[in-house]
Number of protein chains: 2
Amino acid sequence: MEIEAETRQKAGLFTCGWSWLKALSGKAMNKAVKVAKSTKEVGQEDPRRVTHSLKVGLALTLVSLFYYWKPLYNGFGASGIWAVLTVVVVFEFSVGASLSKSLNRGFATLLAGTLGVGAQHTARLFGEKGAPFALGMLVFLLTTASSFIRFIPRIKARYDYGVLIFILTFSLVSVSGYRIEQLFQMAHQRLSTIVIGGAFCIIISIFVCPVWAGEDLHKLIASNLENLANYLQGFESEYFQDSVDELMIKGGATASEGDKAVLLQGYKRVLNSKNDEESLANFARWEPGHGLFPFRHPWKQYLKIGALARQCAYHIEALNGYMIANYSDIQVPLEFRHKIQESTIKMSSESSKALQALATSIKTMTDPSVANFHVEISKTAINELEIALKADSVVLENVNLLAIIPIASVTSILIEITRCVEKICESVHELSCLAHFKSVEPSVAPEKLQLHHRGSIKPLSDGDRSIDHLTITVSTTSNMNICPMENEISQVPKVGGNQRLNLGV
Amino acid sequence: MEIEAETRQKAGLFTCGWSWLKALSGKAMNKAVKVAKSTKEVGQEDPRRVTHSLKVGLALTLVSLFYYWKPLYNGFGASGIWAVLTVVVVFEFSVGASLSKSLNRGFATLLAGTLGVGAQHTARLFGEKGAPFALGMLVFLLTTASSFIRFIPRIKARYDYGVLIFILTFSLVSVSGYRIEQLFQMAHQRLSTIVIGGAFCIIISIFVCPVWAGEDLHKLIASNLENLANYLQGFESEYFQDSVDELMIKGGATASEGDKAVLLQGYKRVLNSKNDEESLANFARWEPGHGLFPFRHPWKQYLKIGALARQCAYHIEALNGYMIANYSDIQVPLEFRHKIQESTIKMSSESSKALQALATSIKTMTDPSVANFHVEISKTAINELEIALKADSVVLENVNLLAIIPIASVTSILIEITRCVEKICESVHELSCLAHFKSVEPSVAPEKLQLHHRGSIKPLSDGDRSIDHLTITVSTTSNMNICPMENEISQVPKVGGNQRLNLGV
């Protein structure tokens, strides 16, 4: 009996242990699959990441030759290790970043090495007992000052790594020089291995599947504009479709849900792109000319466009509040809605087209004049809206003000967005001048750019309807294709002639 | 004659050279003064920067003792240099950053060193000729894989430096091990000096004027809320003052210009604070308990509040468009304006007060229930607005719709802001529960938190005014002070009882 119970107990323990092990291994498997999936996603998101990893491996293996290969080892000795170290810390994702780090490292090492040797010689003047104290003081003073310099924004942006390496090398040389006698030989070996390591990085990053920070910035700005354009396009169809064709929205409801999510994702990326843009622009400045981008390409102008795009994205974020809110509850008087709808649709769709045209212009580096046409139309839409509303103020008497507020807000935010797009258009024109974009045969006839809008509207009156119909001519002259001198960029005249209407907004 | 001409020419050259030198030295002086000024500003902006620089100097000088002092030098040998190197690269501004880097460096070195020695032994199995190839392959594989891992967002955020050091140490050990025979002794010396360098950094950064990333995050979030509150307060007085008292705005025009600039600056800082918040939260996680913050303080909740504050700042950015626009041109019917004004002022001022109360609550780490009162009032203001507008839809007949649009937009954005503030209030409550904020004696009587708004309004009718007056009771119950369980935080019930009115927004 006892033996049976014992056996049963053992069997129970075994089963228990087995199931525990099984659960554990299952969990571990799940976790491993999850990690593998996310790792795969990281690679799929940007396949250049895989290439970069291979490049780092290649560079390090090549540099290791200094150790493996006897003739080279005899030349450089143990300093070869500094080449390996340099490759590891200096090799970055983009050419600009690698170049910036290599050059910073090289010059900082040279400067700090020289100063370190100087400090050594100065310290020796204080005798054997005084030398350590003098050296200590010098190290303290210089490292304190350099550490502080790293907080200055301009230094931090471009030379942070250089100052770090300066502190590092200066303390290493002045401290180790105190022991090692063959200081000059060591300094020479160290510097030359650093130069070799840096050169490896630069050569491999430039010639093996290069990733240019400048090109990335260029594409990022264009795709940001595209994201904004997509949102506006999606907004127009989402917001106004139901009143245009109620059947259509019901049929396409599931499709538009997915689209909406994608559109949302897009503009939200613009909201937080400031840091990325700035660091890319920073690295781009270090890069040599490549492809379509010469050495002194106007990278700063991209930041200007980026800031305006972000401004536009903030407005879209406000607009998005109305998309998320259940606007099917809005009981806007149809009469009012129809009056306002045409101009609003025109504003959003033309702004969207203008942004799309500007994005294409940046992408293809061609003249952005096509966008002017859409900007002008979106601006006349503001006009038309004003005219329509002025005319309507008499007609709509029993309007529920509560119902008007949301649609009025949407309209007014769209007006702000239209103005923002106009500013973006201006600064893309500036970029096109600075970077000498190719001019193309305009697909829109030039006379179209000189718009004359002729409309028949009812005059504003206070109950007195005896005045006849009045014809107002709104003339919009496009002066966006006037290219300013490169150094006069801050004095570029404001776009749009006599057409900037005050909606009181 | 000739000599005279020559003398004159010489004198001319001298004068020319002298004035050139003078101009040059003047320019240099100007530049130097400018640099000195900006450097001084950097120090004044945050005096802890000066302290930090002194701390770095101190740490480096102390670590240099390993070289200067003979007994220590004999113990560690040339490896002492690694202590200096560690201090330079690991010493960061905040305790969290220094700790994160030190620990990353320490563990990565240990792991990579062990693996490197293992790689050495494995390579030796391939014979003298095969060893370099085997080692090369191993270095290539491991460094490629590690470089790729650095792209995974979660690794990048917390262990980027660790992986870098892993690559570095692994290649150094496996490569140099190929030459140096006393590998173990060297590895031991190197590791111990790194530990000593890291320990120096940690001790100095914790005990000498510590800068806690967690505390900075805490203060940053509170000041962000304050900035938003300031803007709303300023907005209210700027936007509505003129109609309340035209004389006052004329008298205070110059003062308010300066104020406006400061207010603008404030909320704009919130727009781009995402990266700062994230890196501070990241470092804060590494920090031991300090002051009011225990080791596992809910830093993630701060990020949640920060994100909501940013959302609010986006709406404020849209609102700001109306501040910049010349709103004195708005010819809003005074009748309409007066109707809408009371609720709008209430919304913005109460939201501002709520944000201020929340900021104070975070700062003092006390219960944020005081804010509920203001949130509730701001929410009843939305109610009152709806009631007022419904009542007015019949009365205001000849309103110029064009003039209503801007003020309608301001109102509707303010409604969005009010809702945002409500969400911020919720998440500060969550934080207060998670971080066990001190409860205080409420300065507002608890019965006030149970609001009952009783108003007499005209019913909405279409021309038919025969229906008598109707009394609507809007009951608002505050359930914001119910503290959820820590692990149920995602299922917190939405705030506000039956009072969330649909304005169609």
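Everything that follows concerns the structure shown earlier in this document.
A brief structural summary. These figures come from a predicted structure and were not determined experimentally.

**Thoughts on the packing of aromatic side chains**
All names here are of chain A.
Point 1. Tallying each qualifying case throughout the model produces 15 aromatic pairs over all chains.
Point 2. Consider the rings of Phe166 and Phe170, whose centres lie 6.2 Å apart with planes at 10 degrees: the pair is stacked. Residue Phe166 and its partner Phe170 are both found in helix H7 (residues 153-176); the two are separated by four residues, about one turn of the helix. Exposure class is identical for Phe166 and Phe170. Each is buried.
Point 3. One cation-aromatic arrangement involves Lys101 over Tyr161; the distance from NZ or CZ to the ring centre is 4.7 Å.

**A few points about the pattern of salt bridges**
Side-chain pairing between opposite charges can occur once the charged atoms of the two side chains come close.
All names here are of chain A.
Point 1. Throughout the structure, instances matching the rule amount to 30 salt bridges over all chains.
Point 2. Between Asp160 and Arg150 there is a salt bridge, with its nearest N and O atoms 3.0 Å apart. Of the two residues, Asp160 is situated in helix H7 and Arg150 in the loop between helix H6 (127-149) and H7; the sequence distance between them amounts to 10 residues.
Point 3. The network of salt bridges with shared partners includes Asp46, Arg48 and Asp216.

**Side note on helix H7 (residues 153-176) of chain B**
Point 1. Its 24 residues give H7 of chain B an end-to-end C-alpha distance of 32 Å, which sits within 8% of 34 Å, the value for a rise of 1.5 Å per residue.
Point 2. A maximum bend of about 90 degrees is found in H7 of chain B at Tyr159 of chain B.

**A word on the environment of Ser343 of chain B**
All names here are of chain B.
Point 1. Of note, Ser343 is situated in helix H14 (residues 334-364).
Point 2. For Ser343, a relative accessible area of 4% puts it in the buried group.
Point 3. The sequence separation of Ser343 and Ala119 amounts to 224 residues, and the corresponding C-alpha distance is 74 Å.
Point 4. Those residues in contact with Ser343 that lie beyond four places of it in its chain are Ala381, Glu384 and Leu385.

**Some words on the side chain of Thr86 of chain B**
All names here are of chain B.
Point 1. Here Thr86 lies in helix H4 (residues 80-90).
Point 2. Separated by 2.6 Å, the side chain of Thr86 and the backbone oxygen of Trp82 make a polar contact.
Point 3. Not counting residues up to four positions away in its chain, the partners in contact with Thr86 are Phe91, Arg105, Ile194, Gly197 and Gly198.

**What to know about unusual backbone geometry**
Point 1. Even without being glycine, His436 of chain A reaches a positive phi, approximately 50 degrees.
Point 2. Owing to a relative accessible area of 59%, His436 of chain A belongs among the exposed residues under this scheme.
Point 3. The phi dihedral of Cys209 of chain B falls on the positive side, at around 40 degrees, and the residue is not glycine.
Point 4. Its place among the elements puts Cys209 of chain B in the loop between helix H8 (183-207) and helix H9 (213-244).

Analysis parameters
Residues numbered from 1 in each chain as written. Chains lettered and ligands numbered in written order. Predicted model: local features only at pLDDT ≥ 70, side-chain atom pairs only at ≥ 80, totals over all residues. Heavy atoms only, no water. Phe/Tyr/Trp six-rings, centres within 6.5 Å; stacked < 30°, edge-to-face > 60°. Helix = DSSP H or I, 4+ residues; strand = E, 2+ residues; numbered from the N terminus. Buried < 20%, exposed > 50% of the residue type's maximum accessible area, 1.4 Å probe, protein only. Lys NZ or Arg CZ within 6 Å of the ring centre and 35° of its normal. Salt bridge = Lys/Arg side-chain N within 4 Å of Asp/Glu carboxyl O. Expected span 1.5 Å × (residues − 1). Bend = angle between axes of the 7 residues up to and from the residue. Contact = heavy atoms within 4.5 Å. Polar contact = N/O pair within 3.5 Å; in protein donor to acceptor, adjacent residues only side chain to side chain.

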